[in-house]
Amino acid sequence: MRKWFYLLLAVVMLAAAIPLAGVGCSSEKEAYVVGAIFSTSGAASDLGVPEERTVNMMVEEINDNGGINGHKLKVIVYNDESKTENALNLATKLMEQDQVLAIIGPTTTGSSLAIIDAVTTGKTPLVSCAASIDIVTPIEDRFWVFKTPQTDVQAIREIYGYFEEEGITKIALITDTSSYGAAGRKYLLEEKSTYGITVVDDQTFNSGDTNMQSQLTHIKGTSAQAVICWATNKESAIVAQDMQTLEMTIPLFCSHGVANQAFIDQAGEAANGVILPAGKLLVVDDVPDSDPQEEVLTKYRDDYEALYGAGSVNTFGGHAYDALSMVVMALEEMDEDLSTAEAREFIRDYIEDDVEDWPGTGGVFTMSPTDHLGMAPGSLALIKIEDGEWTWLQ
Amino acid sequence: MSLDQFLQYLVSGLSQGSIYALVGLGFTLIYAVTKIINFAQGEFVMLGGMLSFVLMESAGIPMVPALLLSIIIAVVIGAIMYLLAIRSAKKASEVSLIIITIGAAILIRGIAGEVWGVDAVRPPFFTGEKSISFFGALIHPQALWIVGTTLMITILLHLFLSHTMLGKALKASSINPEAAKLVGIDTRAMGLVAFVLAAALGAIGGVVMAPLTLTSYQVGVMLGLKGFVAASIGGFMSPIATVIGGILLGVVESLAVGVDWGPFTSAYKDAIALVILLAILLIRAGRLAAEERGS
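Here the structure is a predicted model, which means the values were calculated and not measured.

**Focus: the sheet that holds strand E4 (residues 126-128) of chain A**
Residue and element names in this part refer to chain A.
1) Next: As summarised here, the arrangement of the five strands in space is E2-E1-E3-E4-E5, forming an open sheet in which the pairing is parallel. The open sheet has two edge strands, strand E2 (73-79) and strand E5 (145-147), and neither has a second partner.
2) Next: Summarising the sheet, strand E1 (residues 32-38) and strand E3 (residues 103-104) pair through two bridges and their orientation is parallel. When the sheet's bridge partners are listed, Gly35 is paired in E3 with Ile103.

Pasting the structure below:
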């Protein structure tokens, strides 16, 4: 028994030595290795799949153009299957086994929050692609953590600002009881008084519910001038459809969580007239040339759609583009002879200090020691769906 | 609550309750014949809906043949599930068989998720989407299809069970399997018949409701749960009791949203449904215990 064990050990050690030897004899410079955790299957795969595709596309482009200062870029993508409990193991594996210089992702807020302690202890920079503001606050505990997507609060302010302009003061809420919907509801209620808004009805439903007519009948009986629904695709589509069935004429506002083609497909005709805040990526053609993001938006959309088909681009892949771009910018400026630990620290410092007025797909970013999202106001567009197409509501 | 609103809650509840009833019918049928609760019942609803979408949108088959084909494929899967998983474990206890159905449900769901992806999809409506007014309450035409299908199936199922030889044989094997065997009924074949019928019922429900409720690989879980509740309220006894159970559940859920009981907002609608279920189960358990003491 013991003999077999030693034999096995010897084989394993030999196997481990081979790749090292390979690097030793190669004349090529060592590749820069970055880790990524995306939800490419499970409930959040609508988000995770375009993120993975974006990263693969960027890696190919960078390496075709000679890599980063002669170093090839390698991104190791792990799938957390949309399960929060998987994220921690994957992050540990990336940091300890794969020795990555930085991690981008995870796709979901739950997975991102789950690995914050681990990357902090492991002193590895994390650029999250998930929504919640809690990922980068409180800033004292988020030294190693950045994120690129807009937050719920920014999206809500965009809607409320529009209400203020249009003189809408009485609204009804219909929100999912999931963590996404509940967070939206919390901020919708918190922010309302700043904009002089009264919530006249506050209804909820559960993820997986197939009929929201009762809640909407209740809303129909109030004086609400608009409905805000905070949920993901399927439930939002049912709300839109049930409003149509009940012949409600007040406008429906949805969250940025439905800013993808699948929502339009699911809601069908009922999607027309729905208004939502989202990244400008959905309305690239409406973005004026004077907009600082115009160039990056057009390039990213054209590259992505050349590979994955017309109309396939969405904001979630854009968040991964922004996250990986920040890491790549840091690598470009990095000295080559740094140890892994030094390189990780350099990347963190670079993103915090040197990402300034940088136009990404999600907004114009200026990171600072007190703000690890750094997105300027006006980064979001209010988008209306007309005839099944996204149009910029100006 | 105004009268108009009350009527709207009632109509919305009725259409939602019909969905629960349709799913519940499959539970009742299989339980009556085999004494198994088939937790894969919701998966057949999912299969019906997803297959109809795939056949229409990806394979381009016209609506009516696509719907029929979806039901036939689901029936074949139901038969395979019975023959491979349930019948081959013939010596197993009822509890083990119930656990096998849970395993089958997870397997079917997993394969569906891999093959068709995880996005929710919407097959086309049967007859447009202009709401129909019913004394001031509005109802989606597809919801009328659901209600009509539920009524039709209940009547057909009732006629089948009480007026055809096969139906009577099914009933006989559920009431007393030993006696049924003695008069020459193949009770094992009856198990197959029950599973096939239940798969067909689930798939019919799936194709009719999917345009309205949307469908995805995982809808079977939630629908199965609600269908189970409907069947429990009906006592797993007869198709008619199940349909009443389902509609009762839908209407109570809907009205629970409409009645403003101070802090009790729509968040409590599921809780109200579960409280009713618990109450019914407790009453029934008490009655069963009394019967056992009596015998």
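**Considerations on the packing of helix H2 (residues 41-58) of chain B against helix H9 (residues 219-233) of chain B**
Between two packed helices, the angle of one axis relative to the other and the distance separating the axes together describe the packing.
Residue and element names in this part refer to chain B.
1) Next: H9 packs onto H2 with a crossing angle of 130° between their chain directions and a minimal axis gap of 7 Å. One element, H2, and the other, H9, form an angle in the oblique class. Regarding H2 and H9, the two cross each other, and that crossing is right-handed. Within the contact between the two elements, H2 uses Gln41, Gly42, Glu43, Val45 and Met46 and H9 uses Val219, Gly220, Val221, Leu223, Gly224 and Gly227.

**Points about helix H10 (residues 239-258) of chain B**
1) Next: Taking 1.5 Å per residue, 20 residues should reach 28 Å; H10 of chain B reaches 29 Å between its end C-alpha atoms and fits that length.
2) Next: Of all 20 residues in H10 of chain B, 14 are buried; the element is thus mostly enclosed.

**Some words on the interface of chain B and chain A**
1) Next: Taken residue by residue, the interface counts 25 residues in chain B and 31 residues in chain A.
2) Next: Taken together, the elements giving at least two residues each to the side of chain B that touches chain A come down to helix H1 (3-34) and H10 of chain B.
3) Next: For the side of chain B that touches chain A, the element with the most residues is H1 of chain B, which contributes six residues.
4) Next: Its residues placed into classes, the side of chain B that touches chain A shows nine nonpolar, twelve polar and four charged.

**Looking at the domain arrangement of chain A**
Residue and element names in this part refer to chain A.
1) Next: In terms of domain boundaries, chain A breaks down into domain 1 (31-151 + 301-365) and domain 2 (152-284 + 380-392).
2) Next: Computed over C-alpha atoms only, the centres of domain 1 and domain 2 are separated by 30 Å.
3) Next: Across the contact, 15 residues belong to domain 1 and 18 residues belong to domain 2.
4) Next: Of the residues assigned to the side of domain 1 that touches domain 2, the class counts are three nonpolar, ten polar and two charged.

Cut-offs and rules
Residues numbered from 1 in each chain as written. Chains lettered and ligands numbered in written order. Predicted model: local features only at pLDDT ≥ 70, side-chain atom pairs only at ≥ 80, totals over all residues. Pairing = 2+ DSSP bridges. Helix = DSSP H or I, 4+ residues; strand = E, 2+ residues; numbered from the N terminus. Axes fitted to C-alpha atoms, helices over the stretch in contact; angles between N-to-C directions. Parallel < 35°, antiparallel > 145°, perpendicular 65-115°, else oblique. Left-handed = near helix turned anticlockwise from the far one by under 90°. Contact = placed C-beta atoms within 7 Å. Expected span 1.5 Å × (residues − 1). Buried ≥ 20, exposed ≤ 12 C-beta atoms within 10 Å, placed from the backbone. Nonpolar A, V, L, I, M, F, W, Y, C, P; charged D, E, K, R; others polar. Domains from an automatic or database assignment.

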